[in-house]
Each structure stands twice: as C-alpha cells, then as structure tokens.
Amino acid sequence: MLVFGILISAAWLLGLSVIVYLKFDEFIDLDLNALGDFLAGGFAPLAFLWLVIGYFQQGKELGLTREALILQAKELSNSVEQQRELVKAARDEIEQNKAHMSREYIKEKLKAQPVLVLTDSQAVELDVEWVVRLHVNNRGHSVSRINVSLVNNNADVSLKSSDFIDRWDFDSVVVIDIARPRGRATKSSDFFEMHLFYIDGMSENSSEVLYFTSNNDRYQFSTEIPESSAQEFIVMK
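Residues numbered from 1 in each chain as written. Predicted model: local features only at pLDDT ≥ 70, side-chain atom pairs only at ≥ 80, totals over all residues. Heavy atoms only, no water.

What to know about the overall build of the chain
Here is step 1: Helix and strand counts for the chain stand at three helices and 10 strands.
Here is step 2: Per-residue burial over the chain gives 28% buried out of 237 residues.
Here is step 3: Within the chain, contacts between residues at least 6 apart in sequence are counted, and of these 56% link residues at least 24 apart. (Helix = DSSP H or I, 4+ residues; strand = E, 2+ residues; numbered from the N terminus. Buried < 20%, exposed > 50% of the residue type's maximum accessible area, 1.4 Å probe, protein only. Contact = heavy atoms within 4.5 Å.)

This is the structure:
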C-alpha cells in the first residue's frame, strides 16, 4: 500500500509538473486566488489518497498489534499453565514428603513404645480384700515417669500400689497391685481400664490403656479392646 501511494504520488506530481511546464507562461501570470485554487486542486487528491493510505496502514498496524497481543496472551496463558503444573508438582512432592515423614514418624513412634506382657500374678487374701500382684514385663522400649490410674471402673477394684513409676526399662518387670473387697464376687460384666501416661523413647508424652474384663470367673487384660488378644491373670473369688 505504501509503495502504491508513492508511485501514484510520483505520477501525479509528474503530471502536474508537465502541465505547469507546458503552460508555464499562463502559470506565472496567475493571481494569488487562482494559484491557490490550482494548488488546492492539484494537491487535494494526493492528500485524500494519503489519508486513505494512512487509514489502511493504521488498520494493518492495529491488526498486527492485535495478533501480537493475542500471541502474548497465549504465551501468558501457557506460562500460567506451566506455573500451575509446577506448583501442583511441588505440592505433590511436599505431600509425598509429608506422607513419608509421617510414616517414618509412626514407625519410630511405635518403636519408642513399651510392649507390656503379663508374666506372673499372685493373689493375697487379706481380712477385708483380695490383692492381686501383677508382674508386668516391658518387652518394648524403655519409658519413664509413668502415671497409673483406673478409669471406667465397675468392678469395684482399686489401685493398691503407687500410681507413679519413675522408670520402666526394657525387659524389666514392674509389679502393679490391685485390690477388690473380699465379699465382692466376680461378675461377667466386670470391666475397668488401667491408663498409663508416660514419656516414651522419643521423649514425647504418650499413653497406653490396658482393658480389663471378666471371663469365667477370671480377669483378663489386653492392650486392645477385643478380648481375643487378652491375657488372663489369677482369679479373685
């Protein structure tokens, strides 16, 4: 379009020059009004031509600008999508690391807990109560500052020994005494919990519950609620 305008303008100016040359005597005799009319008539078409060329040229440039903006918008959209994928990948990696750390923590936490096993029990009949001495062996990790308490107790038993144990080392036996009134018969519905609160092998606060139930005139305890894993100890009739 620009080359076309230059060629048309050159041809037009050449034509005007030829006319002026052929009628030069008349041209120099023109008064100012006539000269102005001649110049206006001679250059007005060029002005209109370049106005039209400028309009189309501006439209073309706007089109190029629009295409550039569309391309830039696509690049920005692609960049945003890539950033979103990077963020998702980073989030997934963080979640995987957290899950791995959580699994490792759970493993270490389990290793740091005691494993309590009843190794022996002895019943002593006193004047007003039965006392059973539970010999419990810790076959897990050593723990310290153990607090013992009885909870949800409908068996009318009480803690006879101290409710505080300073330390419970691996493969060591701790004797826990519980008592029940002598005239109180064992019932199938008897149930109580022994709660142990302690500092575990990771120097963190932990706890464990021993669940005591009655079965055929015998008490049994378990570290889990199902009775199938319970350990029986001596009868208190």
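Overview of the pairing of strand β1 (residues 116-125)
On any regular strand, side chains alternate: one points to one face of the sheet, the next to the other face.
Here is step 1: In terms of strand pairing, β1 meets strand β2 (residues 129-138) through nine bridges, oriented antiparallel. Across the sheet, residue A123 finds its bridge partner in β2, namely V132.
Here is step 2: In this structure, the hairpin formed by β1 and β2 is closed by a connection of three residues. (Pairing = 2+ DSSP bridges.)

Regarding the environment of P181
Here is step 1: The residue P181 is located in strand β6 (residues 172-181) in this model.
Here is step 2: Here P181 falls in the partly exposed class, since its relative accessible area comes to 39%.
Here is step 3: Residues P181 and A155 lie 26 residues apart in sequence; the distance between their C-alpha atoms is 9.9 Å.
Here is step 4: What P181 contacts, discounting residues up to four positions off in sequence, is V128, E129 and D156.

Focus on the confidence of the model for the chain
Should the pLDDT be low somewhere, the predicted coordinates at that spot are not to be read in detail.
Here is step 1: For the chain, per-residue confidence averages 81 on the pLDDT scale, and residues scoring 70 or more make up 85% of the total.
Here is step 2: Confidence over residues 226-230 falls short of pLDDT 50; this stretch has eight contacts with residues more than four positions distant or in other chains.
Here is step 3: Every residue in residues 232-237 scores below 50 in pLDDT, and together they form 31 contacts with partners more than four places removed in sequence or on other chains. (pLDDT = per-residue confidence, 0-100.)

Let's talk about the nonpolar core
Here is step 1: Formed by 22 residues in total, the largest nonpolar core has its most connected members in L134, I146, W168, M194, L196, L210 and F212.
Here is step 2: Elements with a contribution of two residues or more to this core: β1, β2, β3 (143-151), β5 (164-168), β6, β7 (191-199) and β8 (205-215).
Here is step 3: Among the elements that make up this core, the one with the highest residue count is β7 (four residues). (Core = buried A, V, L, I, M, F, W, Y, C linked by side-chain atoms within 4.5 Å.)

Here we look at a nonpolar patch on the surface
Here is step 1: Judged by side-chain polarity, F48, L51, V52, Y55 and F56 come together as a nonpolar surface patch covering roughly 570 Å² of accessible area.
Here is step 2: You can see F56 is positioned in helix α3 (residues 32-111).
Here is step 3: Classification of F56 by relative accessible area gives partly exposed; the value is 47%. (Patch = residues over 30% accessible without salt bridge, like charges linked within 9 Å, V, L, I, M, F, W, Y side chains within 5 Å. Areas by Shrake-Rupley, 256 points an atom, 1.4 Å probe, with all protein chains shown as cover. Salt bridge = Lys/Arg side-chain N within 4 Å of Asp/Glu carboxyl O.)

So, the packing of aromatic side chains
Here is step 1: By the definition in use, this model includes one aromatic pair.
Here is step 2: With centroids separated by 4.5 Å and ring planes inclined at 10°, the aromatic side chains of F192 and F212 adopt a geometry described as stacked. One end of the pair, F192, is in strand β7; the other, F212, is in strand β8, and 20 residues separate them in sequence. (Phe/Tyr/Trp six-rings, centres within 6.5 Å; stacked < 30°, edge-to-face > 60°.)

Details of the sheet that holds β6
Here is step 1: Reading across from one edge, β1-β2-β6-β4 is the order of the four strands in this open sheet, with antiparallel pairing throughout. Sheet topology places β1 and β4 (158-159) at the edges, where each strand pairs with a single neighbour.
Here is step 2: As paired elements, β2 and β6 share 10 bridges and run antiparallel to each other. Looking at β6, one finds that E129 is bridged to P181.

Structural notes on the pattern of salt bridges
Opposite charge on two side chains permits pairing when their charged atoms draw close.
Here is step 1: Taken as a whole and assessed by the stated rule, the structure comprises 10 salt bridges.
Here is step 2: Salt-bridge contacts for K88 lead to D92; the nearest nitrogen and oxygen are separated by 3.1 Å. Linking K88 with D92, this pair stays in helix α3, spanning four residues, or about one helical turn.
Here is step 3: Overall, K88 belongs to the partly exposed group, its relative accessible area being 46%.
Here is step 4: Classification of D92 by relative accessible area gives partly exposed; the value is 33%.
Here is step 5: Its salt-bridge partner being R133, residue D177 comes within 3.0 Å of it at the nearest N-O pair. In this pair, D177 is assigned in strand β6 and R133 in strand β2, connecting sequence segments 44 residues apart.
Here is step 6: Note on D177: relative accessible area 11%, which makes it buried.
Here is step 7: Each of K109, D200 and E204 takes part in a single network of salt bridges with overlapping partners.

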